[in-house]
Amino acid sequence: MTEDVHTRLIQVGRRHNGAALAPVVSSSSTFELASVAEGREMALSASANRYYSRYGNPTVSDFEEAVAELEGAEAARAFGSGMGAIAAVVLGLCSSGDHIVSQRQIYAGTQMLLQSVCPRMGIDVTFVDGTDAQAWQEAIRPGRTMLLLAETPANPRLDLVDLAALGAIKGPMKVVDSTFATPLSQRPLEHGCDLVLHSVTKFIGGHNDVTLGVVAGSRELIDWVWGFAVLQGAVASPHEAAAGTRGLRTLAVRLERQCESAATIAEALEAEESVTCVRYPGLESHPQHDLAVRQMDLMGGLVTFDLTGGIEAGRTFVESTRICRLATSLGGPETLVTHPASTTHVNLLPDELAAAGITEGTIRMSVGLEDPGDLLADIRGGIAGA
Ligand SMILES: *Cc1c(COP(=O)(O)O)cnc(C)c1O
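Treat the numbers as computed from the prediction; the structure is a model and nothing was measured.

**Q** What is the right way to read the overall build of the protein from this model?
**A** From N to C terminus, the protein includes 14 helices and 12 strands. The principal-axis extent of the C-alpha atoms belonging to the protein is close to 70 × 50 × 35 Å. A buried classification covers 54% of the 386 residues belonging to the protein. Here the analysis covers contacts within the protein between residues at least 6 apart in sequence; of these, 71% occur between residues at least 24 apart.

**Q** Honestly, the site of the ligand in this entry has me stumped. Any pointers?
**A** Taken together, 13 residues are adjacent to the ligand, and Met 83, Asp 177, Ser 199, Thr 201 and Lys 202 come closest. Asp 177 places a polar side-chain atom, nitrogen or oxygen, 2.6 Å from a nitrogen atom of the ligand. Take Thr 201: an N or O atom from its side chain is 2.7 Å from an oxygen atom of the ligand. When the ligand is considered free in solution it has 380 Å² of accessible area, and contact with the protein chains removes 92% of it. When residues in the shell around the ligand are grouped by element, the largest group, three residues, is from helix H4 (residues 82-93). By residue class, the composition of the shell around the ligand is four nonpolar, six polar and three charged.

**Q** Help me out: how do you make sense of the nonpolar core in this one?
**A** A general feature of soluble globular proteins is that nonpolar side chains tend to end up buried together. Ranked by internal contacts, the top residues of the largest apolar core, which has 63 residues, are Phe 63, Leu 248, Leu 269, Val 303, Phe 305, Phe 317 and Met 365. Ranked by the residues each element gives to this core, the list is headed by helix H10 (residues 238-270), at 12 residues. Each of domain 1 (5-247) and domain 2 (253-385) gives at least three residues to this core. Discounting chain neighbours no more than four positions away, the residues touching Leu 269 are Val 275, Val 278, Val 303, Phe 305, Ile 379 and Ile 383. Core analysis: the next-biggest nonpolar cluster, separate from the first, contains 28 residues, Ala 75, Val 89, Ile 100 and Leu 195 among them.

**Q** What am I meant to see in the layout of surface pockets here?
**A** If you roll a probe as big as a water molecule over the atoms, it shows you where there is empty space left. Here the largest pocket is characterised by a volume of approximately 760 Å³. In terms of lining, the largest pocket is formed by 30 residues, of which the most central are Ile 106, Tyr 107, Ala 108, Gln 111 and His 345. Elements with a minimum of two residues in the lining of the largest pocket: helix H5 (108-120) and helix H13 (350-355). Broken down by element, the lining of the largest pocket gets its largest block of residues, five residues, from H5.

**Q** Would you take a moment to explain H5 for this structure?
**A** Between the first and last C-alpha of H5 there are 18 Å, a value that for 13 residues agrees with the 18 Å anticipated at 1.5 Å per step. In the structure, H5 departs most strongly from a straight axis at Leu 114, where the bend amounts to approximately 30°. Of all the residues in H5, the buried ones are Thr 110, Leu 113, Leu 114, Val 117 and Cys 118. Packing partners of the buried residues in H5 comprise H4, strand S2 (99-103), strand S3 (124-128) and strand S4 (145-151). Just past H5, the residue Gly 122 takes up positive phi, approximately 75°.

**Q** When you look at helix H12 (residues 310-320) in this model, what are you seeing that I'm missing?
**A** Quick reminder: α-helices carry 3.6 residues per turn. Residues three or four places apart thus point the same way. Along H12, the residues classified as buried are Gly 310, Ala 313, Gly 314, Phe 317 and Val 318. Each buried residue of H12 sits inside an arc of 120° when the element is viewed along its axis, so together they form one side. Elements that come into contact with the buried residues of H12 comprise strand S9 (302-307), strand S10 (325-326), strand S11 (336-338), strand S12 (362-366) and helix H14 (372-385).

**Q** For this particular structure, what's the right way to read the domain arrangement of the protein?
**A** In many reports, interface size means the accessible area that the parts give up when they come together. Domain assignment breaks the protein into domain 1 (5-247) and domain 2 (253-385). Domain 1 and domain 2 are separated by 27 Å when their C-alpha centres are compared. Listed by partner, the interface residues are 30 residues for domain 1 and 33 residues for domain 2. Contact with domain 2 buries surface across domain 1, with Arg 157, Leu 160 and Phe 203 losing the most and accounting together for 29% of the total. At the boundary of domain 1 and domain 2, one finds four salt bridges. The shortest N-O distance in the salt bridge between Asp 162 and Arg 294 comes to 3.7 Å. The interface formed by domain 1 and domain 2 holds 18 residue pairs in polar contact (both at pLDDT 80 or more) in total. Residues that form the side of domain 1 that touches domain 2 fall into these classes: 11 nonpolar, 14 polar and five charged.

**Q** Help me out: how do you make sense of the sheet that holds S9 in this one?
**A** Hydrogen bonding along the main chain pairs the strands of a sheet, whether they run parallel or antiparallel. Taken in spatial order, the five strands make up an open sheet running S8-S9-S12-S11-S10, and their pairing is mixed. If you trace the sheet from one side to the other, it starts and ends with strand S8 (275-279) and S10, each paired once. Across three bridges, S11 lies against S12 in antiparallel orientation. Bridging across to S12, Val 337 finds its partner in Met 365. On the sheet, H12 packs against S9, S10, S11 and S12 and is oriented at approximately 135° with respect to S9.

**Q** What should I look at first to understand the sheet that holds S2 in this one?
**A** An order of S1-S7-S6-S5-S4-S2-S3 is seen for the seven strands of this open sheet, with the pairing classed as mixed. In this open sheet, the two edge strands, each paired with only one partner strand, are strand S1 (75-79) and S3. For this sheet, the mean angle separating the axes of adjacent strands, direction not counted, is 20°. When strand S6 (residues 195-199) meets strand S7 (residues 213-217), the two strands line up antiparallel, connected through five bridges.

**Q** Sorry if this is basic, but what is going on with the side chain of Gln 288 here?
**A** With respect to the helices and strands, Gln 288 occurs in the loop between S8 and helix H11 (289-295). A polar contact of 2.8 Å, which involves the side chain of Gln 288, links it to the backbone oxygen of Leu 160. Excluding residues that lie within four positions of it along the chain, Gln 288 makes contacts with Thr 131, Asp 159 and Leu 160.

About the criteria used
- Residues numbered from 1 in each chain as written.
- Predicted model: local features only at pLDDT ≥ 70, side-chain atom pairs only at ≥ 80, totals over all residues.
- Heavy atoms only, no water.
- Helix = DSSP H or I, 4+ residues; strand = E, 2+ residues; numbered from the N terminus.
- Buried < 20%, exposed > 50% of the residue type's maximum accessible area, 1.4 Å probe, protein only.
- Contact = heavy atoms within 4.5 Å.
- Near = heavy atom within 4 Å.
- Polar contact = N/O pair within 3.5 Å; in protein donor to acceptor, adjacent residues only side chain to side chain.
- Areas by Shrake-Rupley, 256 points an atom, 1.4 Å probe, with all protein chains shown as cover.
- Nonpolar A, V, L, I, M, F, W, Y, C, P; charged D, E, K, R; others polar.
- Core = buried A, V, L, I, M, F, W, Y, C linked by side-chain atoms within 4.5 Å.
- Domains from an automatic or database assignment.
- 1 Å grid on protein atoms, 1.4 Å probe; cavity = no way out; pocket = protein on both sides within 12 Å on 5 of 7 lines; lining within 4 Å.
- Points joined across faces, edges and corners; volume = space filled by probe spheres on them.
- Expected span 1.5 Å × (residues − 1).
- Bend = angle between axes of the 7 residues up to and from the residue.
- Arc of directions from axis to C-beta.
- Buried area = accessible area lost by both parts, 1.4 Å probe.
- Salt bridge = Lys/Arg side-chain N within 4 Å of Asp/Glu carboxyl O.
- Pairing = 2+ DSSP bridges.
- Axes fitted to C-alpha atoms, helices over the stretch in contact; angles between N-to-C directions.

The structure is reproduced here in structure tokens:
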């Protein structure tokens, strides 16, 4: 397909829809077979979607095809959550004795998988600064490093990984968590990376009503991941997959609006006296702004900033805004704020917080679809309250 991505978002993922325009939910867990031979073929095939729904399902495969097409991939596999996808990639591709290089700036769930589950499986993990292309290269143990695991833009300070530099590294498989960007903003496979994955729960689902994950790449790699996934069992429900496909239909208008509002808010925050540091890839003050312009078509809907008043100011801010709601997650219609120092990272000591790039006054904001003027007024009220 050569059409513009706005057109493609409306065309993709319709193979099993018949005349229906909205995604059709094929809720059957099993399918009648024409013969024993057909059953045998399907039981052995990684792409069977009319056999038994843990193996594959028509509604789920429509969503998978849609994502594969948007990412420029041969195939994709959906999972019951973003963590389901990440766990299947890590545990499906690595064995005892293997080694993984991951960036330090990474989603907390991924970090826990790498820090607590991988060592039990005999898989070693080295954490590096993802913004340092040299550090990735230097951490590789030839013959042992199976995966390089990147996330860009990354939790929580929106640090970026140079996708072209990562893609050029020879040897290990390069896996990119592209949740914050979506395929609309960046396509890691075009830069030579091997797998791209998303928590569909966030921007692609887009309405805070879906828990879903997906990974895309070559047919060979996806079939390999499937071989583990079908036994792991963290499969996508057809209901969630249908909601994922519906999310893709409106992704462009939602994300473009969120990016525009996020840019407006980031600029306004830079002028606020009690805000010390604003992180947004679209701001010239972002330390990797040039890289953002090179590899991202849209700068994203997240803004991270530091309030001067420390832990109290952070807590008061998230409790006194009325339009910006205090909740974890991101990418939905409602603007959400989190205060890592008193919630997700509450167990860390001050120097550990600093190592994670978090201050006591750090706020992470996922900008929603409300009027940006109303949001700014609410944010200024929150800052005044803090
Ligand atoms: C939310 C998130 C995940 C985990 O996805 P779930 O759908 O919650 O399992 C992974 N990576 C990033 C960057 C996320 O934001």
